[in-house]
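Structural characterization, general
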Amino acid sequence: MDSTTTQHSNMRLEHDVIGTMEIPQNVYWGIHTQRAINNFTVSGIADGTHTALVRAYATVKRACAIANYQLGELDKNKAHYIEQACLEIENGALADQFPVDVLQGGAGTSLNMNMNEVIANRALELAGRPRGDYDFIHPNDDVNKSQSTNDTYPAACKLAILQGLEPLRQSTQKLREAFHSQADEHADDVKIGRTQLQDAVPMTYGQEIHAWASFLAGDLEAMRLLTRRLCVLNLGGTAIGTGICAGLRFRTTVTSVLADITDLPITAASDPVAAVTDTSSYIEASAVLKNLAVHLKKAADDLRLLNSGPRCGFGDLTVPPRQAGSSIMPGKINPVIPECVDQCCFTIFGMDVTVNWACAEGQLQLNAFDPLIIHEILTAMTLEINAMDMFRTKCVDGLVINAKQGLRDAQMSPSISAALNEWIGYEQAMAIAKEAVATGRSVHDVAKERTDINPTELESLLDIAAMSRKLGQTCRDVDADGNIVTPENL
């Protein structure tokens, strides 16, 4: 696939199995990329928008070049220039040289070819050669040596997800700490709990908010477990997992090299043929994002309900006012940040469905839909990170707890009559609750009249603060020894 400069100095001529094509002299890509640009014209979103994927692919290519050099399959100079070009891309250079549509046919071949061509042409420049001088450094024979799209593209995808997990973890942790901060501040403020949107029994604001933080603890653990799964790669498996054009020595060496340069516990898949079509780690990654979105939606929806009013709703708390809520009703303020979080979550749910369908469509020795899978996962990760940061800074940090109303509602709830069940039985407690509702009086006042329970004992039974802590909850995580975990160790 050597190229020649045409009579127009701003173009160069390259050829492939289909024929020849003029390529702009000022770009680093070649004929395979140019054909893909012309072929895939659907989303308008370029591979280059996923910087994590581009950088991860360059890392994979660098590891392959090092391994080929160590095995004597690539001479020192070629390996050096290829490594340098890869490092530049890993550090953010040439980001505009990956223009192929993310929704590309070919199981990622277009991005692989694009990467090979950009690395080759930048390596040629570093060697003092013109772009397109493929007799000196060839995109396929040198940059792609011992490789296939079918083992390198999934490896790059998994590394890209791994890179995204760290900022996702950080945003999750910060939101969790914000919930904990609010929970600590209101650990002793009593309110009424609700089931089926009806009054239940007393709890504290701290317990309610701490529950949202506990959800995120499970999400952080899921991220930790996912990391190990994503570190199982199939480099050296090449086209269908048989290792054609590579071999066991390359597989062992490149796996070790990639582990060294990424400082990740990279291992080789035990069954390379199965690994070519196994998309279970993508399904797990998408599930982690979906479950996190479920928990974010739960917190956002609870806040919307608890904020409802201000006169005719729950009114348990107030979310920070961010903008006018109506073009016709002056003074109306909507919970726009939780509503935005909800919409992000709905989007992520849809992306998870897409990932599951794409993962289920692998046929025979390959799943052709990795490009869609990684696009959806990386997009969902970015959306979720942004949603959590917005949620934390523009809503959770500024919550105002209406503690007096919460206390009043708890004291007047007929559901606290449940505390009398063991003393007077369900039927009599029910009668007290019914009368309290009918007369607008408190359960305490009705029970004082209708029972012979000692006043001191009655006060103790209907102590709503004590009711909320029958299990000794502290609104703070505890370790295996029962010690309270500090925010720094969350």
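Residues numbered from 1 in each chain as written. Predicted model: local features only at pLDDT ≥ 70, side-chain atom pairs only at ≥ 80, totals over all residues. Heavy atoms only, no water.

**Details of the overall build of the protein**
Secondary structure summary: the protein contains 17 helices and nine strands in total. For the protein, the spread of C-alpha atoms along the principal axes amounts to about 105 × 55 × 40 Å. Considering only contacts within the protein whose residues lie at least 6 apart along the sequence, 70% involve residues at least 24 apart. Approximately 22,400 Å² of the protein is accessible, and the part contributed by carbon and sulfur atoms is 53%. Distance between charge centroids for the protein: 3 Å, based on 40 positive and 60 negative side chains. (Helix = DSSP H or I, 4+ residues; strand = E, 2+ residues; numbered from the N terminus. Contact = heavy atoms within 4.5 Å. Areas by Shrake-Rupley, 256 points an atom, 1.4 Å probe, with all protein chains shown as cover. Lys, Arg positive; Asp, Glu negative; His and termini not counted. Charge placed at Lys NZ, Arg CZ, Asp CG, Glu CD.)

**Describing the pattern of salt bridges**
Across all of its chains, the model carries 24 salt bridges by this definition. Between Asp301 and Arg304 there is a salt bridge, and its shortest N-O distance comes to 3.7 Å. Here Asp301 pairs with Arg304, and both are found in helix H10 (residues 280-307), just three residues apart, close to one helical turn. Arg304 sits in the partly exposed class, given a relative accessible area of 35%. Among the salt bridges present, the one from Arg392 reaches Asp389, with a minimum N-O distance of 3.6 Å. You can see Arg392 and its partner Asp389 sitting in helix H12 (residues 370-394), three residues apart, about one turn around the helix. The class for Arg392 is buried, based on a relative accessible area of 15%. Asp389 sits in the partly exposed class, given a relative accessible area of 24%. Several salt bridges converge on common partners, so that one network encompasses Glu88, Arg122, Glu125 and Arg131. (Salt bridge = Lys/Arg side-chain N within 4 Å of Asp/Glu carboxyl O. Buried < 20%, exposed > 50% of the residue type's maximum accessible area, 1.4 Å probe, protein only.)

**Some details on the packing of H10 against helix H11 (residues 336-359)**
Two numbers describe how H10 lies on H11: the axes approach to 9 Å, and their chain directions differ by 160°. As far as their axial angle goes, H11 and H10 are roughly antiparallel. Of the two elements, H10 crosses H11, and the hand of that crossing is left-handed. A class-by-class count of the residues in the contact of H10 with H11 yields 16 nonpolar, two polar and seven charged. (Axes fitted to C-alpha atoms, helices over the stretch in contact; angles between N-to-C directions. Parallel < 35°, antiparallel > 145°, perpendicular 65-115°, else oblique. Left-handed = near helix turned anticlockwise from the far one by under 90°. Nonpolar A, V, L, I, M, F, W, Y, C, P; charged D, E, K, R; others polar.)

**Describing the pairing of strand S3 (residues 20-24)**
Where burial is concerned, the two faces of S3 differ: the one with Met21 and Ile23 is buried and the one with Thr20, Glu22 and Pro24 is not. Relative to S3, strand S2 (residues 11-15) runs antiparallel, the two being bridged by five bridges. Across the sheet, the residue bridging to Glu14 is Met21, located in S3. Following S2, the chain reverses through four residues before pairing antiparallel with S3. (Pairing = 2+ DSSP bridges.)

**Quick notes on the pairing of strand S4 (residues 190-195)**
The sheet contact formed by S4 and strand S5 (residues 198-204) spans five bridges and is antiparallel. Looking at the pairing, Arg194 lines up with Asp199 of S5.

**Overview of the packing of helix H2 (residues 51-70) against helix H3 (residues 76-90)**
Where H2 meets H3, the closest approach of the two axes is 8 Å, and the angle between their N-to-C directions is 165°. What the angle tells us is that H2 and H3 run roughly antiparallel. Two packed elements cross with a definite hand, and for H2 against H3 that hand is left-handed. Contacts between H2 and H3 involve Val54, Arg55, Ala58, Thr59, Lys61, Arg62, Ala65, Ile66 and Tyr69 from the first element and Lys76, Ala79, Ile82, Glu83, Cys86, Leu87, Ile89 and Glu90 from the second. Across the contact of H2 with H3, the residue classes break down as ten nonpolar, one polar and six charged.

**Notes on the environment of Ser415**
Here Ser415 shows up in the loop between helix H13 (403-412) and helix H14 (421-439). Distance in space between the C-alpha atoms of Ser415 and Arg129 is 82 Å, their sequence separation being 286 residues. Setting aside anything within four residues of it in sequence, one finds Ser415 in contact with Asp199, Ala200 and Val201. Within polar-contact distance, the side chain of Ser415 engages the backbone oxygen of Ala200 at 3.0 Å. (Polar contact = N/O pair within 3.5 Å; in protein donor to acceptor, adjacent residues only side chain to side chain.)

Distances and angles like these do not, on their own, reveal function.
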